[in-house]
Every structure is written in C-alpha cells, then in structure tokens.
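Geometric and topological summary
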Amino acid sequence: MTQNLILTRPDDWHLHLRDGAMLEGVAAESARNFGRAIIMPNLVPPVVTAAQALAYKGRILAALPKNSTFQPLMTLYLTEQTDPDDLASAHASGLVTAAKLYPAGATTNSESGVQNFNKLQPVLERMAEIGMPMCVHGEVTDADVDIFDREAVFIDRILDPLRRRVPNLKVVMEHITTAEGIAYAKSAPGKLAATITTHHLIINRNHILAGGLRPHYYCLPVAKRETHRLALLDAATSGNPCYFLGTDSAPHADSAKESACGCAGVFSATNTMSCLAEIFDRAGALDRLEGFTSLFGPKFYELAPNPDQITLTKGAPIKFPSHIDTGAGPVTLFNPGIDLHWMVTD
Ligand code: DOR
Ligand code: ZN
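The text that follows walks through the structure, step by step, so that each part is easy to find. Bear in mind that the values here come from a model prediction, so they are computed numbers and not experimental data.

1. Things to note about the site of ligand 1
- Taken together, 14 residues form the shell around ligand 1, and within it Arg18, Asn42, Thr107, Leu220 and His252 come nearest.
- Between ligand 1 and Thr107, the relevant distance is 3.1 Å, taken from an oxygen atom to a side-chain nitrogen or oxygen of the residue.
- Here a nitrogen atom of ligand 1 sits 3.0 Å away from a polar atom, N or O, in the main chain of Ala264.
- Considering ligand 1 on its own, with 290 Å² of exposed area, one finds that the protein chains cover 100% of that surface.
- For ligand 1, the cavity whose grid points lie within 2 Å of the majority of its atoms is the largest cavity.

2. Notes on the state of the cysteines
- Counting across every chain of the model gives 0 disulfides.
- You can see Cys263 has no disulfide; the closest cysteine sulfur is in Cys261, sitting 7.5 Å from it.

3. Some thoughts on the pairing of strand β11 (residues 323–326)
- Here β11 shows a buried face lined by Ile324 and Thr326 and an unburied face lined by His323 and Asp325.
- Pairing between β11 and strand β12 (residues 329–332): 4 bridges, direction antiparallel. Bridge pairing in β12 links Thr326 to Gly329.
- The hairpin turn running from β11 into β12, its antiparallel successor, is 2 residues long.

4. Description of the coordination of the zinc ion (ligand 2)
- At the metal site, the zinc ion (ligand 2) is ligated by His14 (NE2), His16 (NE2) and Asp248 (OD), and these contacts range over 2.1 Å.
- Motif for the zinc ion (ligand 2), donor spacing along one chain: H-x1-H-x231-D. Residue His14 shares its accessibility class with His16, and that shared class is buried.

5. Let's talk about empty space enclosed by the protein
- In the structure shown here, the tally under the stated rule is 4 cavities of 30 Å³ or more.
- A volume near 120 Å³ is recorded for the largest cavity.
- Grouping the amino acids of the lining of the largest cavity by side-chain chemistry returns 6 nonpolar, 10 polar and 3 charged.

Rules used throughout
- Residues numbered from 1 in each chain as written.
- Chains lettered and ligands numbered in written order.
- Predicted model: local features only at pLDDT ≥ 70, side-chain atom pairs only at ≥ 80, totals over all residues.
- Heavy atoms only, no water.
- Near = heavy atom within 4 Å.
- Polar contact = N/O pair within 3.5 Å; in protein donor to acceptor, adjacent residues only side chain to side chain.
- Areas by Shrake-Rupley, 256 points an atom, 1.4 Å probe, with all protein chains shown as cover.
- 1 Å grid on protein atoms, 1.4 Å probe; cavity = no way out; pocket = protein on both sides within 12 Å on 5 of 7 lines; lining within 4 Å.
- Sits in = over half its atoms within 2 Å of the grid points.
- Disulfide = S-S within 2.5 Å.
- Buried < 20%, exposed > 50% of the residue type's maximum accessible area, 1.4 Å probe, protein only.
- Helix = DSSP H or I, 4+ residues; strand = E, 2+ residues; numbered from the N terminus.
- Pairing = 2+ DSSP bridges.
- Donors = N, O, S within 2.8 Å, 3.2 Å for Na, K, Ca; no water.
- Points joined across faces, edges and corners; volume = space filled by probe spheres on them.
- Nonpolar A, V, L, I, M, F, W, Y, C, P; charged D, E, K, R; others polar.

Put into structure tokens, the structure is as follows:
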C-alpha cells in the first residue's frame with residue numbers, strides 16, 4: 001500500500017550555495033523541494049555589505065532552473081567593522097533577512113569573523129531595535145578547548161553574556177549538536193531558536209571515526225556522541241517551535257574533502273527531505289515533520305509559511321546518486337547509511 005504525506009513546502013534556514021561553477025551545480029538541488037533558504041555569506045571574500053548581498057542574490061537567481069520560484073533569503077557576514085546603517089538599510093529594504101556571526105577561525109572561510117564580541121555592541125543593539133535576527137555559529141575557537149566541547153563552552157562564555165547585554169536581540173543558534181545547545185535554545189521562546197541539520201539527526205562521531213576516517217561525514221560543529229544525537233532527534237520531533245530545519249548543506253569538491261586536511265561540510269540538499277521523512281517515520285513522529293521543516297522557521301522569522309505543498313510517497317528503498325557532478329568537480333551526497341523509503345513525488 002502506498003502512503004502519501006502532504007506537507008507545506010519546506011524551507012531551509014541554513015544553506016551554503018557557494019558561487020561560480022559550484023553554485024551553478026548545486027542551486028537546483030535545493031530549489032527542487034525548498035521554497036526559500038537562508039543563504040550563508042561565507043564566500044571568499046565574504047558577503048559583508050548590502051551591495052555584495054545584492055550582487056550575490058543576482059548570481060543565485062541566475063543559477064536557478066527556469067521557472068523556479070525558490071527565494072534566496074540573504075544574510076550579511078558580521079565583522080568588527082560592520083556598519084549598523086548599512087545593515088539596517090539592507091534589512092529595511094527587504095534585501096537581507098538576517099546577519100551571521102562567525103567567531104574568527106571557527107569554520108570554513110571564517111577568517112574575517114569576530115574576535116572581540118564587545119565590538120559588536122552597537123550593531124547588535126541596532127539589530128534588536130529593528131527586529132533583525134542574528135544567526136550564530138556557536139563554537140569557541142580557543143586552542144585549549146576540546147573540539148567536542150566548543151559548543152557548550154560558547155554558550156557559557158560568549159552567547160549567554162552577549163544575550164544579557166542585548167536581551168531583545170533575536171538569535172538563531174545554528175546547527176546545534178549537543179544537549180546543552182538544545183536546553184539553552186528553548187530558554188527564551190520567540191527570542192531564541194535553533195536550527196538542526198539533517199546529518200546531525202542521523203550520524204554520531206563514530207560514523208566519522210570508527211573503522212576508518214570518513215571525510216564526507218566531517219563537518220563543523222563536528223557530530224558528537226550518540227546521546228547527543230538522540231537528544232537532537234527528541235528535540236526535532238518534539239513539536240517545540242524553537243527547533244527547525246537548517247540543513248547546513250555545504251558542498252565541497254570531493255578533492256577538497258578527500259585530502260590530508262579535508263574541508264568541513266556535508267552536502268545533503270538532494271536527499272534531505274527523504275532522510276527526514278525516514279527518521280521522523282522511524283521515530284513515530286511523521287505528524288511533527290511539517291512543523292520542523294515548514295512552519296516553525298517562518299514563525300520565528302515572522303514570515304508566512306509557503307503557500308504551496310509537496311507530496312512525499314513511501315515505497316521501495318530509493319537509490320540516490322552517490323555524488324552530483326558540478327563544474328567545480330564531483331560533490332559526494334550525504335549517505336545516511338539507512339534505507340530511505342520516502343520520495344518527494346510532487
Ligand atoms: O561543516 C561546515 N561547513 N560547517 C560550517 O560552519 C561551514 C560549512 C562550510 O561553509 O563549508
Ligand atoms: Zn553552515
């Protein structure tokens with residue numbers, strides 16, 4: 001018996017589309033199922049001004065398939081030099097939806113990120129005033145903090161003090177990976193929320209490290225131990241609107257991943273909805289999937305949900321390609337390591 005699931009068209013609240021040949025190669029993968037996505041600004045050089053965001057948006061729209069209605073929601077990359085007026089006018093005009101905070105050195109192309117968080121005070125106060133959300137890569141970068149502890153330490157040392165200095169700022173904790181992140185994200189409804197990736201709901205650190213090093217599972221924040229994955233799954237399927245989908249789909253050419261110093265990033269745009277339907281189904285929570293993928297994100301960002309729907313159909317295991325070809329080289333698709341039975345059919 002076939003089973004259908006109809007959902008309000010989902011959005012991706014954290015996506016890397018890159019630029020140039022990579023953008024051309026991956027744009028359609030997100031546009032196929034998603035209505036909108038928050039586009040990460042960590043290009044080289046980063047998207048720090050409204051003019052750069054406008055130009056980048058143009059390149060994204062040009063890379064979409066003809067007749068696509070996919071909407072890129074642009075972000076600006078915060079630096080210690082960000083001009084509050086430029087930020088505010090980009091937000092007021094509707095060009096830019098949010099600003100992204102990268103601690104300097106935390107991840108791919110974050111060299112221009114913030115070292116001294118106090119310097120952001122005027123920008124953050126302005127963002128709070130105009131209701132512009134801040135998306136945060138929440139990991140400290142101190143060499144003396146173990147990489148598996150960096151998210152929890154960031155909450156204590158940086159995020160909580162920052163939020164006390166600017167209590168009205170709306171903050172999205174991006175790609176949370178720990179029980180500590182889950183607990184903190186629900187502590188201020190409407191002001192604080194968190195995105196959860198597809199891959200962090202499926203893999204734990206053993207997938208990266210046990211039985212051989214698997215670079216295509218390496219991303220930042222790095223996947224944690226199984227207890228944290230289970231806590232993430234509980235959070236995503238809880239129906240609490242402070243948790244919603246941000247895939248953090250982050251394509252790198254295979255040659256850059258399969259290297260002595262491989263890049264961080266998991267590319268999951270192509271099969272994310274099949275992966276999520278599978279794990280929500282296995283968790284007995286299919287009725288909670290639409291909130292997570294399609295309703296809670298717009299609610300936090302004060303946008304209407306997408307007006308149309310997608311249909312997923314359950315059947316025999318689906319074969320996704322192992323990789324997609326792009327002009328920047330092949331990009332390996334996230335392999336969930338479990339059979340996927342749900343396919344987006346409409
Ligand atoms: O794994 C990651 N890849 N984490 C990030 O924060 C950045 C991303 C990228 O841009 O490749
Ligand atoms: Zn990211």
